[in-house]
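Secondary and tertiary structure notes
For reference, the chains in residue letters:
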Amino acid sequence: MGVAPESFITEIVEKDLREGRYEALRTRFPPEPNGYLHIGHARSIVLNFGLALDFGGECNLRFDDTNPETEKEEYARAIEEDVRWLGFTPTRVLYASDYFDQMYECALTLIREGKAYVDDLSEEEMSALRAEGKPSPYRERSVEENLDLFQRMAQGEFPTGSRVLRAKIDPAHPNFKLRDPVLYRIVHAPHYHAGDRWVIYPMYDFAHPLEDFIEGITHSLCTLEFENNRAVYDWVIENLKGKCGLPEAPRPYQYEFARLDLTYTVLSKRKLIKLVEGGYVSGWDDPRLPTLRALRRRGVRPEAIRTFIHKTGVSRHEARVEMELLEEVIRDDLNPLAPRVLGVLDPLEVVLTNYQGEEWVDAPYWPRDIGKEGNRPLPFSQEIYIERSDFSLNPPKGWKRLAPGQRVRLRHAYVMELEDVVEENGEVKLLKARIVPGTLGANPEDGIKPKGVIHWVSARHALPVEFRLYDRLFLTEDPEEGGDFLKNLNPRALEVKQGFIEPSVAQDPPDTRYQLERLGYFWQDPVDSRPGRLVMNRIVPLKEGYRPS
């Protein structure tokens, strides 16, 4: 299996290389540094970098930074960090803004050849004429006038938004994108990378093909929303190849694939900004979000994300992927590497009336089906904590946990049966119970077997933990259901519990992932957790119906 998922794109690449269309493959991942990457971007990252690895080519990380008003160095650094965290090393880290001089020369070339003109229309006026397929009244300006105006635009003579440079193609073209698209606009704003040198900036449709051509990109891979833009991409390349420092051949070609969409979340940058700036989440790394840094903080491994991209594949068919698939992939990734330990999220104290002192049980880290060796000493004492939900005074039919007259086995330890319940104001505050003698690793001699197995920790030895239980961010598969996605926010997407975990974890590296038996996969929050003040994030719950091995 290759690094990139097999798809129609891998077939195109194989054919192009086999037939000698290109000597070597060169791709790029070209994000705009105006926000943080999310899991939807992972498909493009894995595809572009994976193809380069599979075919012995190159892949650049290129910041498509042509909009000074929204882009920041902070975002550029975060993007590069996320790409490297996913396991990929760019051949080069490049900036579109480093090509501004050459792009400017290319624009002058088009003007001199009568293929571009300066337009004074407002954005609203231009949109109205384009919709009607009518030409701008400024379309027939002379080459000399257009050169003069464009150079004066570049010198900062005109205010922001007052003029643009447009391609002179066809004002009534059937493809709306080819109706004299805008190539340059005026923006009086400093650029995070280029500084104050420029007050005119190229539009995406002009810059992107030039960036690819300058870098020698062979296959320019975009998501389907750019399918109609391909005509402009080709027009720019065909009209500028062999000019303004560009080669004659080989030229890049654009191919489109379906973007990744996921249930129970949003991947729109605009909506993610609304969630962050509106205080609905704590920041871009809030583990409820689908951003790569949020998934990383939650405890998801990059290997799981790469596997998820393989499972969802690459095609031209738009489809929303079920969140269940991502959760399944994360569980499958963690299952063979997460040692099993005991923790209690919502503790209920139990005093064992017929047990004194303490002992240390030799408990395995791994179930039999994992096939790994490894044990740890697990303390057992007179006072233990169990999960409050594992006890019922009036159990429903089929109850297999602790109840009056019903035995349970404590995981790795004894069989226990209830003696008394201490209540306060109608709430159970304490349980008194007894262990059945001789049941450490053995069934009761009286033949009355326990109904089920529950987890526990020794109250004397357990470490206090703030458990953060993360769930799906929205209540509905489609957060847009009903019109306002904010109304579908899940109020229980984060629940905080003050519980306990067995003491063995104190000796482990802080990035250790665990399976808390019967509860899910957890790890220490890399931001807030400290020795002596543990904070653990639930990475993903266990499958429904889980039973301990």
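Everything in this summary refers to the structure shown in the same document. Worth saying up front: this structure is predicted, and the values here are computed from it rather than measured.

**Considering the state of the cysteines**
Per the counting criterion, the structure on display carries 1 disulfide. Unpaired in this structure, Cys59 has its nearest cysteine sulfur neighbour in Cys222, at a distance of 13 Å. Cys59 sits in the buried class, given a relative accessible area of 2%. A residue is classified by how much of its surface remains accessible, and Cys222, at 5% relative accessible area, is buried.

**Some remarks on the packing of aromatic side chains**
Applying the stated rule across the entire model yields 18 aromatic pairs. Between Tyr355 and Phe380, the aromatic rings sit 5.0 Å apart at their centres with planes inclined by 90°, giving edge-to-face as the arrangement. With Tyr355 in the loop between β14 (347-352) and β15 (358-364) and Phe380 in strand β16 (residues 375-381), the pair connects residues that are 25 residues apart, well separated along the chain. The same class applies to Tyr355 and to Phe380, which are both buried. Following the ring pairs from residue to residue traces out a cluster consisting of Phe100, Tyr104, Phe150, Tyr184, Trp198, Tyr201 and Phe206. Sitting above the plane of the Phe158 ring, Arg163 keeps its charged end 4.2 Å from the centroid. Sitting above the plane of the Trp399 ring, Arg401 keeps its charged end 4.1 Å from the centroid.

**Focus: the sheet that holds strand β6 (residues 182-186)**
Here 4 strands make up an open sheet; going across it, the order is β4-β5-β6-β7 and the pairing antiparallel. Whereas interior strands pair on both sides, the edge strands pair on one side only; in this sheet they are β4 (116-119) and β7 (200-202). Taking each pair of neighbouring strands and ignoring which way they run, the sheet shows an average axis angle of 20°. Running over the sheet, helix α6 (residues 143-154) touches β4, β5 (164-167), β6 and β7 and is turned about 60° from β4.

**Structural notes on the side chain of Arg538**
Relative to the elements of secondary structure, Arg538 occurs in strand β27 (residues 534-540). Buried charge without a partner: Arg538 forms no salt bridge, and the closest opposite charge is Asp471, 5.2 Å away. Residues within four places of Arg538 in sequence aside, it is in contact with Arg298, Arg468, Leu469, Tyr470, Leu519, Tyr521 and Phe522.

**Some points on a negative patch on the surface**
A contiguous patch of negative charge, built from Glu6, Glu11, Glu14 and Asp54, is present on the exposed surface. Mapping Glu11 onto the fold places it in helix α1 (residues 8-18).

**Regarding the pairing of β4**
Alternating positions in β4 separate into two faces, Ala116 and Val118 on one and Tyr117 and Asp119 on the other, with burial throughout. Pairing of β4 with β5, which is carried by 4 bridges, proceeds in the antiparallel orientation. When the sheet's bridge partners are listed, Asp119 is paired in β5 with Val164.

Definitions and limits used
- Residues numbered from 1 in each chain as written.
- Predicted model: local features only at pLDDT ≥ 70, side-chain atom pairs only at ≥ 80, totals over all residues.
- Heavy atoms only, no water.
- Disulfide = S-S within 2.5 Å.
- Buried < 20%, exposed > 50% of the residue type's maximum accessible area, 1.4 Å probe, protein only.
- Phe/Tyr/Trp six-rings, centres within 6.5 Å; stacked < 30°, edge-to-face > 60°.
- Helix = DSSP H or I, 4+ residues; strand = E, 2+ residues; numbered from the N terminus.
- Lys NZ or Arg CZ within 6 Å of the ring centre and 35° of its normal.
- Pairing = 2+ DSSP bridges.
- Axes fitted to C-alpha atoms, helices over the stretch in contact; angles between N-to-C directions.
- Contact = heavy atoms within 4.5 Å.
- Lys, Arg positive; Asp, Glu negative; His and termini not counted.
- Salt bridge = Lys/Arg side-chain N within 4 Å of Asp/Glu carboxyl O.
- Patch = residues over 30% accessible without salt bridge, like charges linked within 9 Å, V, L, I, M, F, W, Y side chains within 5 Å.
- Areas by Shrake-Rupley, 256 points an atom, 1.4 Å probe, with all protein chains shown as cover.
- Charge placed at Lys NZ, Arg CZ, Asp CG, Glu CD.

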